[in-house]
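Summary of the model geometry
Each chain, written out:
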Amino acid sequence: MLKILGYPDRLSVAPGEEIAFKVSLEEGARFDARIVRVIHGDANPAGPGLKFRHIPTAIDGSHAGKRQTIDAGAYMIVEPAPAIAAKPFTFFAMIWPTLPERDGQTLLAQWDPKTGRGFRITVDAGRLAVTLGDGKATARLDSGKAMLVRQWYSVAVAIDPATGGVTLDQIPIGNYAQTDDRGHAAATLAVRPAELGAPLFIAGCPQADGTVGGHFDGKIDGPMLCEGIRPAELHKTLREIDPVTPAPKIIARWDFSKQMETTTAVDVGPNALHGTLMQLPTRAMKGWNWTGEEHNWARLPDQYGAIHFHHDDLYDVGWETSVALTIPEDLKSGPYALHVSCGTSDEAATREAYIAFFVRPPRNGRRGKRPDVAFLAPTCSYLAYANHAEHITARGAELQMGRLLQFGHIDLYMYEHPELGGSLYDRHLDGSGVAYTSRLRPNLNGAPCYHSWLGGHGSALYQYNADTHIFDWLDHEGIDYDVITDEDLHADGLDLIRDYRVILTGTHPEYHSTFMWDAMKSWIDRGGRLMYLGANGWYWRIAFHQHLPGVFELRRAEDGIRTWEAEPGEYYHSVNGEYGGLWRRIGRAPNVIGGVGFIAQGFDLSSYYRRAPDADSPRAAFIFDGVPDEIIGDFGLIGGGAAGIELDCISTHLGSPPNMLRLASSENHTPMIMLVNEEFGVVPPNLGGDLNPRVKADLAFGETPSGGAIFATGSIAWCGSLSHNNYDNNVARITANVLKRFLDPEPFPTR
């Protein structure tokens, strides 16, 4: 059990701005805090070890703390709302349950959990059900038949509060032989629901402790409330009415296809009982009436009237601020963390945490003179992998890795606490993919000291901690640099990076929005010098939420290395309408930006590079100054070599510039390093690196027409080799040679 965890209210903060930290304690009532600059976050004993530089600030010392909880689960709330049970009413909706076996899944509720007054319409063990409460007793009726999973149903519930009369109908849209899932029940219950002036809930129900529970798992399409007791057959008629022309006697009619990019559930009925969607249910879902004729929700919104709710959806854990800091004006840009510790448990690792954040350059016109180098922190990748627990739940993970997996206390905590919210590699409990991620929650694997199961033999590294190898090397070389984050680049675009001569990527810059992609391409085209120090970059297209800070969306469409696939017809992002999936699928392969692109993946052993003929080109002389070696990087903290985890190579047919030099290529990979699936049609018999010559990382360099240049390592593991032999090795020397020349203002020749 972790005794302390937390998160910042932002990942990037400028001098003069405040950053707030939200901390939860499982032990004690106080915690110690201090700010540190992160130099090296890898605890691997074969490397330089943990390195943190204390930055004295006003928050050094002891602070009051407490246990803070997480109320996960998506729902819709209408507040204020009229007392629905003041007179007879009928509720209609189309539903598509994905975990029908769970009890107490709310479809609609106006309920006071402390007094037991009101009504709840639910799915219980697959059956449509109603519970009425008058404050003294409750009464319940269900349909008597269980619904099938992932099938559409028309549900109709009529309630007469004066008599306690209830009628339930669940009508399957699909008809199948040997099934019995059509349910009907009618009865006069002994309890008359109390008239209640309280918020109206869809897909959730208020609990006595102030949280919201009873979440529905599945899709809801076109919920509506009508005055009076209406027959179930009327639902079909109402569905066919133009949704902007409300039928008579409508109380509310929510059209989930409206204002798709927002958190508003629009009521097109006469009373404008608009709802607010909480904790990020998935929008732009195909509805009960989707025909397949259109896959873009913006072109045929009437067929995308469904929202997929999950009991494990999460946007903001909503913790109280435990400590806050105004960043000093003179604090240098760079990687930082709030180091917090508490309690007296025997295992120190469970009593401390590092809450990572970055200090960016000053905003607007206050930049002044800045370093010529910027590190682009791949915070979108950090968030895409946030709380990645799929490796624990997925069958076959150890076969995929080619070894037994070692889980640390953080992995086990993530597994035991799904309320932290999954990564974009996880599935919800109902089997659907996690399509949104948020930074407003603890990110347990996106911080120093996390021991990753993905690291391979002798490694503790992936994502954030792998990038601390770069911080450490820059610190060793005495290089002054700024840090900008993916979210900064998305918000500020080209203006943010225009004046930097050199940009260094992280080891795994996989996720990019259109604004990010365009800004980086424009910077390169204007003469920027890019050092792409990883692999699998510019792979997935994402979309930032326009109304919820710190959220972006991913639709895993059609192709690519995927742990889940978006359903057909659900490939377009809900938050901006863009087509999701691989950048390659829309004609912008990674090669266009980084000069190389994704070719292979595997997680057992890393390998080395062998020098190629292009290394002897006069154009590459500066790169190999002092490096006569034929074998490069046969050492390292990530899998024992500089070429591993994920590999990129030159492919001119995918956009690698024809002038790219192949300086070196990796070889002798294991059978577990395999060709990625977008690289073949018919499955070849030789997927592994032991048989397929295409499984290789290319070390590459090329000049751009505007006097700039691109250097690409082609491997996530490259930077894990920088510190070998006290930083005296050919990987470090090549990287330093490139940075030295890239800092030289002399333009690269274009002819």
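Predicted, not measured: the structure shown is a model, and the values here were computed from it.

1. Examining the overall build of the chain
Each helix and strand in the chain was counted, giving 12 helices and 43 strands. Relative to a compact globule of 751 residues, whose C-alpha radius of gyration would be 27 Å, the chain shows 28 Å and is just as compact. Across its three principal axes, the chain shows a C-alpha extent of roughly 90 × 60 × 50 Å. Residues counted as buried form 62% of the 751 residues belonging to the chain. In the chain, the proportion of contacts linking residues at least 24 apart, taken out of those at least 6 apart, comes to 73%. Accessible area for the chain stands at about 27,200 Å²; split by element, carbon and sulfur atoms hold 50% of it. When the 67 basic and 91 acidic side-chain charges of the chain are each reduced to a single mean position, those positions are 3 Å apart.

2. Quick notes on the packing of helix 6 (residues 464-477) against helix 12 (residues 730-743)
Direction vectors running N to C along helix 6 and helix 12 enclose 70°, while the axes themselves pass 12 Å from each other. Overall, the two elements helix 6 and helix 12 adopt an arrangement that is roughly perpendicular. Crossing angle aside, the handedness with which helix 6 passes helix 12 is right-handed. Judged by residue contacts, Trp473, Leu474 and Glu477 of helix 6 engage Ala732, Thr735, Ala736 and Leu739 from helix 12. For the contact of helix 6 with helix 12, the class distribution of residues is 5 nonpolar, 1 polar and 1 charged.

3. Focus: the pairing of strand 11 (residues 127-134)
Counting buried positions along strand 11 gives 6 out of 8 residues, so the element sits mostly inside the fold. Two successive antiparallel strands, strand 10 (residues 117-124) and strand 11, enclose a turn made up of 2 residues, where alanine 125 displays a positive phi of approximately 50°. Linking two consecutive strands that pair antiparallel, namely strand 11 and strand 12 (residues 138-142), is a turn of 3 residues; a positive phi of about 95° is found at glycine 135 within it.

4. Quick word on the environment of alanine 58
With respect to the element layout, alanine 58 can be found in the loop between strand 5 (51-55) and strand 6 (61-64). Assessed through its relative accessible area of 78%, alanine 58 is described here as exposed.

5. Structural notes on the sheet that holds strand 1 (residues 4-8)
Ordered in space as 1-3-25, the 3 strands form an open sheet in which the pairing is antiparallel. The open sheet has two free edges, formed respectively by strand 1 and strand 25 (323-326), since each of these has just one partner strand. Taken pair by pair, the neighbouring strands of this sheet meet at an average axis angle of 20°, ignoring direction. Bridging between strand 3 (residues 18-25) and strand 25 involves 4 bridges; their strand directions are antiparallel. When the bridges of strand 25 are listed, glutamate 18 appears paired with threonine 326.

6. Some details on the packing of aromatic side chains
Summed over all chains, the structure comprises 26 aromatic pairs. Measuring from ring centre to ring centre gives 4.2 Å for tyrosine 385 and tyrosine 425, while their planes differ by 25°; the resulting arrangement is stacked. Taken together, the residues span a long stretch of sequence, with tyrosine 385 in the loop between helix 2 (379-384) and helix 3 (390-393) and tyrosine 425 in the loop between helix 5 (409-416) and strand 29 (436-438) at a distance of 40 residues. Per residue, the accessibility class of tyrosine 385 equals that of tyrosine 425, and both read buried. Between phenylalanine 622 and phenylalanine 701, the aromatic rings sit 5.4 Å apart at their centres with planes inclined by 80°, giving edge-to-face as the arrangement. Pair noted here: phenylalanine 622 is in the loop between strand 37 (597-611) and strand 38 (631-632) and phenylalanine 701 is in strand 42 (residues 698-703), with a separation of 79 residues, a long-range link. For phenylalanine 701, a relative accessible area of 0% translates into the label buried. Connected via pairs of aromatic rings, a cluster forms that spans Phe358, Phe375, Tyr382, Tyr464 and Phe471. It is arginine 556 that lies over the ring of tyrosine 425; its NZ or CZ is 4.3 Å from the centre. Sitting above the plane of the phenylalanine 748 ring, arginine 741 keeps its charged end 3.9 Å from the centroid.

7. Quick word on helix 5
Where helix 5 is concerned, the buried positions are Ile410, Asp411, Tyr413 and Met414. Down the axis, helix 5 shows its buried residues gathered within 165° of arc, on one side only. Packing partners of the buried residues in helix 5 comprise strand 1 and helix 3.

8. Thoughts on the state of the cysteines
By the definition in use, this model includes 0 disulfides. You can see cysteine 342 has no disulfide; the closest cysteine sulfur is in cysteine 449, sitting 15 Å from it.

9. Describing the confidence of the model for the chain
Residue-level pLDDT values for the chain average 94, and 96% of them are 70 or greater. Considering only residues more than four positions removed or in separate chains, one finds that residues 455-461, a stretch of pLDDT under 50, has 32 contacts.

10. Structural notes on helix 9 (residues 514-525)
Taking 1.5 Å of rise per residue, the 12 residues of helix 9 would be expected to cover 16 Å, and the 16 Å separating its terminal C-alpha atoms lies within 8% of that figure. Of the residues making up helix 9, those classed as buried are Thr514, Met516, Trp517, Ala519, Met520, Trp523 and Ile524. With its phi angle positive at about 105°, glycine 527 sits one or two positions after the end of helix 9.

11. A word on the pattern of salt bridges
Counting across every chain of the model gives 35 salt bridges. Where glutamate 320 meets lysine 66, a salt bridge forms, and the shortest distance between an N and an O atom there is 3.0 Å. Of this pair, glutamate 320 sits in the loop between strand 24 (306-309) and strand 25 while lysine 66 sits in the loop between strand 6 and strand 7 (75-78), and the two are 254 residues apart along the sequence. Taking the relative accessible area as the measure of exposure, lysine 66 reaches 40% and is therefore partly exposed. Where salt bridges share partners, they join Asp9, Arg10, Glu17 and Arg363 into one cluster.

12. Examining the side chain of asparagine 692
Position of asparagine 692 among the secondary structure elements: in the loop between strand 41 (674-675) and strand 42. With a relative accessible area of 6%, asparagine 692 lands in the buried category. Looking at asparagine 692, its side chain comes within polar contact range of the main-chain nitrogen of arginine 694, at 2.9 Å. Other than its neighbours up to four places away in sequence, asparagine 692 contacts Leu675, Asn686 and Leu687.

13. Observations regarding the environment of glycine 174
Mapped onto the fold, glycine 174 is located in the loop between strand 14 (165-172) and strand 15 (183-188). Through-space distance from the C-alpha of glycine 174 to that of arginine 585 is 34 Å; in sequence the pair is 411 residues apart.

14. As for the pairing of strand 8 (residues 89-97)
Within strand 8, 9 of the 9 residues are buried, leaving the element largely enclosed by the surrounding structure. Of the two faces of strand 8, both are covered, the one formed by Phe89, Phe91, Ala93, Ile95 and Pro97 as well as the one formed by Thr90, Phe92, Met94 and Trp96. Strand direction decides the pairing type here: strand 8 and strand 13 (residues 153-160), joined by 7 bridges, are antiparallel. Among the inter-strand pairings, methionine 94 is bridged to a residue of strand 13, identified as serine 154. Taken together, the 8 bridges between strand 8 and strand 19 (residues 218-227) define a ladder with antiparallel strand orientation. Across the sheet, the residue bridging to phenylalanine 91 is leucine 225, located in strand 19.

Thresholds, definitions, all that
- Residues numbered from 1 in each chain as written.
- Predicted model: local features only at pLDDT ≥ 70, side-chain atom pairs only at ≥ 80, totals over all residues.
- Heavy atoms only, no water.
- Helix = DSSP H or I, 4+ residues; strand = E, 2+ residues; numbered from the N terminus.
- Rg over C-alpha atoms; globule rule 2.2 N^0.38 Å.
- Buried < 20%, exposed > 50% of the residue type's maximum accessible area, 1.4 Å probe, protein only.
- Contact = heavy atoms within 4.5 Å.
- Areas by Shrake-Rupley, 256 points an atom, 1.4 Å probe, with all protein chains shown as cover.
- Lys, Arg positive; Asp, Glu negative; His and termini not counted.
- Charge placed at Lys NZ, Arg CZ, Asp CG, Glu CD.
- Axes fitted to C-alpha atoms, helices over the stretch in contact; angles between N-to-C directions.
- Parallel < 35°, antiparallel > 145°, perpendicular 65-115°, else oblique.
- Left-handed = near helix turned anticlockwise from the far one by under 90°.
- Nonpolar A, V, L, I, M, F, W, Y, C, P; charged D, E, K, R; others polar.
- Pairing = 2+ DSSP bridges.
- Phe/Tyr/Trp six-rings, centres within 6.5 Å; stacked < 30°, edge-to-face > 60°.
- Lys NZ or Arg CZ within 6 Å of the ring centre and 35° of its normal.
- Arc of directions from axis to C-beta.
- Disulfide = S-S within 2.5 Å.
- pLDDT = per-residue confidence, 0-100.
- Expected span 1.5 Å × (residues − 1).
- Salt bridge = Lys/Arg side-chain N within 4 Å of Asp/Glu carboxyl O.
- Polar contact = N/O pair within 3.5 Å; in protein donor to acceptor, adjacent residues only side chain to side chain.

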